[in-house]
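# Commentary on secondary and tertiary structure
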Amino acid sequence: MDIGSTWPKSQLGPPACEKHAKALQFIEEVTRNAESVQQKVLEEILSANAETEYLRRFRLSGSIDRDTFKSNVPVVTYKELQPEIQRIVEGDRSPILSVYPITELFTSSGTSGGQSKLIPTTKVEMDRRDILTNLRMPVMSLYVPDLDKGKGLYFMFVKSETKTPGGLLARTVFTSHLKSAHFQARRNDPYDLYTSPDEAIQCPNTFQSMYTHMLCGLLEHKQVHRVGAVFASGLLRAIRFLQLNWPQLTHDIRSGALNPAITDPSIRDCMIRILKKPEPELADFIASECSKENWEKIITRIWPNTKYLDCVVSGVMAQHITALEYYSGGLSVASTSYGSSECYVGLNLNPICDPSQVIYTIVPNMAYFEFIPQKSNSAKLVDLADVEVGQEYELVATTHGGLYRYRIGDILRVTGFHNSAPQVHFVSRKNVLLSIDEDKTDEAELQKSVETAGRLLRDESDAIVLDYTSYADTKLTIPGHYVIYWELGPPDSTRWPSDELLGRCCLAMEESLGSIYKRGRVADGLIGPLEIRVVRSGTFEEIMDHAISRGASLSQYKMPRCVSLAPTRKLLESRVVSAHFSPSLPHWSPELSP
């Protein structure tokens, strides 16, 4: 049967199956009537939550009128909502933000005072997110044929979770998804099969989980059609893991016996069924490829039927594009959807595109969206239907989870429209300076960490930090790490800091950074040791002179606390006199801070 002829036409293209046809038609309907969908979403949220403590505070009196809502309810950040959220954390079950029960709290990778934000959610909100999740493969199948004939090698990990004093689970959005009934149902979808067993995905031990993912992916290397992780950094981390562990992995394949270091009982039980017999020829093939000095195209060399990579490469993850191209031989990188802990937002309708040009179409029924113009003196927020192509906006969302006119913090550039729904390019995360994976360090956090290390430096030497800047090094090392450039003085110091002291300064900076950074460093192994590179005297004056020679104003020049321009970084590197790394891991606890 010709599926395309039995369903309403979609400008996206002919569907791969009946289920996909329904999904594509849904996309067409909600984007064709984006303004009316937005109006309906807002009315649903306001009508359902009219009796919440939060909305009653602003005297809406049950009104679902958009103008009344916008004139009465303020635009807020997490800081303004924190008192209400703290009551939920402590066990208050009254309708504070939502009439629906709060089912769990998402730990956002954004930070508040160095701690993870806690975003309350409801079943209604989670059902909305599942809608968008179900749209990704129907779109991908328009561009990549026969995805139901192979499997995905995905490096997916649950992260630490805890309970609040009030008994609610607090965990990442992705961990919640991996433990949901919706994720379990994927086993019935031929377009969403993985090489990894659920036991590997659910294992809390990162090494054992990664080892099992990789081993299973190698065993089924010809069945792999796509290789992925949540973020580009996670995929590069998997490549590094293979570089370090291929001798033991090939030993397991050659012998048909699992590495004794894998002690998780559920993994060992399932791997008895998967490691059925010794496969010396496969082990020889993998060992031959991995023992070569050149790892260019290693993904397609080991997994020859891979059609594309699947991971987020927008925002700070764009820094990993070059490395992915090297290891994959230029395979397309699909960044399929865009969302946050607060809400899901959009879908990439052209996933096989230049990864630096990823565009997301906002799905209008996910939340009620408003936009703060970035190049306007007007304080008036713009509705979804009124955004202008070429302009940049900060995203504001009102959600089914109990957030009202909440500033997400993402800066988006409007590039066009699909039907009447805006298409946007992710520009940046507001105020974020440094990021390797899920960590997001802003200027205030970096300044605080430098001040902390600076006090240690002054206490034990004559030196002080005269100036500093930074960047996230993700190209030369896996995992990536923070690099902090310090210029020290005075030059005639009689007690110049020792290498040991500067190493402790690195650790002091790490101890001062937020919990998301420290979790990535300690529990997840996603971030390498922080590095301080000391530059010679006068370096920062040279940088200022260089900027002024290129047109910067002497009276208004301010040293950037994160360097992105290659010439500036090259100048800094040419002036480095010593490099120092954190000698140990910072302290981190999975327990929520009070």
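It should be noted that the structure appears before, not after, this text.
For the structure given in this document, a descriptive report is provided here. (Residues numbered from 1 in each chain as written. Predicted model: local features only at pLDDT ≥ 70, side-chain atom pairs only at ≥ 80, totals over all residues. Heavy atoms only, no water.)

This brings us to the overall build of the protein. Within the protein, the secondary structure is distributed over 22 helices and 22 strands. Relative to its length of 594 residues, the protein is compact, with a C-alpha radius of gyration of 25 Å against a globular reference of 25 Å. When the backbone C-alpha atoms are referred to their principal axes, the protein occupies close to 80 × 70 × 50 Å. Out of the 594 residues in the protein, the part that is buried amounts to 55%. By sequence separation, contacts in the protein at least 24 residues apart represent 67% of the contacts at least 6 residues apart. Accessible surface computed for the protein: about 25200 Å², of which carbon and sulfur atoms make up 51%. Of the charged side chains in the protein, 64 are positive and 72 negative; the average position of the first set lies 2 Å away from that of the second. (Helix = DSSP H or I, 4+ residues; strand = E, 2+ residues; numbered from the N terminus. Rg over C-alpha atoms; globule rule 2.2 N^0.38 Å. Buried < 20%, exposed > 50% of the residue type's maximum accessible area, 1.4 Å probe, protein only. Contact = heavy atoms within 4.5 Å. Areas by Shrake-Rupley, 256 points an atom, 1.4 Å probe, with all protein chains shown as cover. Lys, Arg positive; Asp, Glu negative; His and termini not counted. Charge placed at Lys NZ, Arg CZ, Asp CG, Glu CD.)

The 4 strands are arranged β3-β6-β7-β8 in an open sheet whose pairing can be described as parallel. Of all the strands in the sheet, just β3 (151-155) and β8 (333-334) have a single pairing partner and so form its edges. When β3 meets strand β6 (residues 224-231), the two strands line up parallel, connected through 5 bridges. Each bridged residue has a counterpart across the sheet, and for G152 the counterpart in β6 is R226. Taken strand by strand, helix α12 (residues 206-219) contacts β3 and β6, and its axis lies near 155° from that of β3. (Pairing = 2+ DSSP bridges. Axes fitted to C-alpha atoms, helices over the stretch in contact; angles between N-to-C directions.)

Ordered by their spatial adjacency, 4 strands build an open sheet running β19-β20-β21-β22, and the pairing between neighbours is mixed. Only two strands of the sheet have a single neighbouring strand rather than two, namely β19 (464-473) and β22 (576-581). Across this sheet, the average inter-strand angle for adjacent strands is 25°, counted without regard to direction. Note: strand β21 (residues 531-535) against β22, 5 bridges, orientation antiparallel. Bridge pairing links V535 to V576 in β22.

Further remarks concern unusual backbone geometry. Phi is positive for R59, close to 55°, though the residue is something other than glycine. If you trace the backbone, R59 turns up in the loop between α4 (53-57) and α5 (66-72).

Before going further, it helps to spend a moment on the packing of helix α13 (residues 232-255) against helix α17 (residues 321-328). Contact geometry for α13 and α17: axes closest at 10 Å, N-to-C directions at 45°. Judged on the interaxial angle alone, α17 and α13 are oblique. Considering only the axes of α13 and α17, their crossing is left-handed. Together, A232, L235, L236, I239 and Q243 of α13 and A323, L324 and Y327 of α17 make up the contact between the two elements. Residue composition of the contact of α13 with α17, grouped by class: 7 nonpolar, 1 polar and no charged. (Parallel < 35°, antiparallel > 145°, perpendicular 65-115°, else oblique. Left-handed = near helix turned anticlockwise from the far one by under 90°. Nonpolar A, V, L, I, M, F, W, Y, C, P; charged D, E, K, R; others polar.)

With that out of the way, let us pick up the pattern of salt bridges. This model, assessed by the stated rule, comprises 39 salt bridges. A salt bridge links E289 to K292; the shortest N-O distance between them is 3.5 Å. Given the relative accessible area of 11%, E289 is considered buried. For K292, a relative accessible area of 40% gives the class partly exposed. The network of salt bridges with common partners includes E35, R66, K70, E370, D383 and R405. (Salt bridge = Lys/Arg side-chain N within 4 Å of Asp/Glu carboxyl O.)

Residues F155, L242 and F369 are the most contacted members of the largest nonpolar core, which totals 117 residues. The dominant element in this core, judged by the number of residues it contributes, is α13, at 10 residues. Among residues more than four places away in sequence, those in contact with F369 are Q38, C343, Y344, V345, I362, V363, D383, L384, L395, V396 and A397. Grouped together as the second largest cluster of nonpolar side chains are 27 residues, L456, L457, A463 and L530 included. (Core = buried A, V, L, I, M, F, W, Y, C linked by side-chain atoms within 4.5 Å.)

With that settled, the discussion passes to the packing of aromatic side chains. The relative placement of two aromatic rings is captured by the distance of their centres and the angle of their planes. In total, this model carries 14 aromatic pairs according to the counting rule given. Here F183 and Y194 contribute two aromatic rings whose centre-to-centre distance is 6.2 Å and whose plane-to-plane angle is 25°, an arrangement assigned as stacked. A residue pair is termed long-range when its members are at least 10 positions apart, and F183 in helix α10 (residues 181-184) and Y194 in the loop between α10 and α11 (198-202) qualify at 11 residues. Exposure class is identical for F183 and Y194. Each is buried. Summarising the aromatic geometry, the rings of Y211 and F241 are spaced 6.4 Å apart at their centres and angled 80° between planes, so their arrangement reads as edge-to-face. Pair noted here: Y211 is in helix α12 and F241 is in helix α13, with a separation of 30 residues, a long-range link. Take Y211 and F241: they sit in the same class, and that class is buried. (Phe/Tyr/Trp six-rings, centres within 6.5 Å; stacked < 30°, edge-to-face > 60°.)

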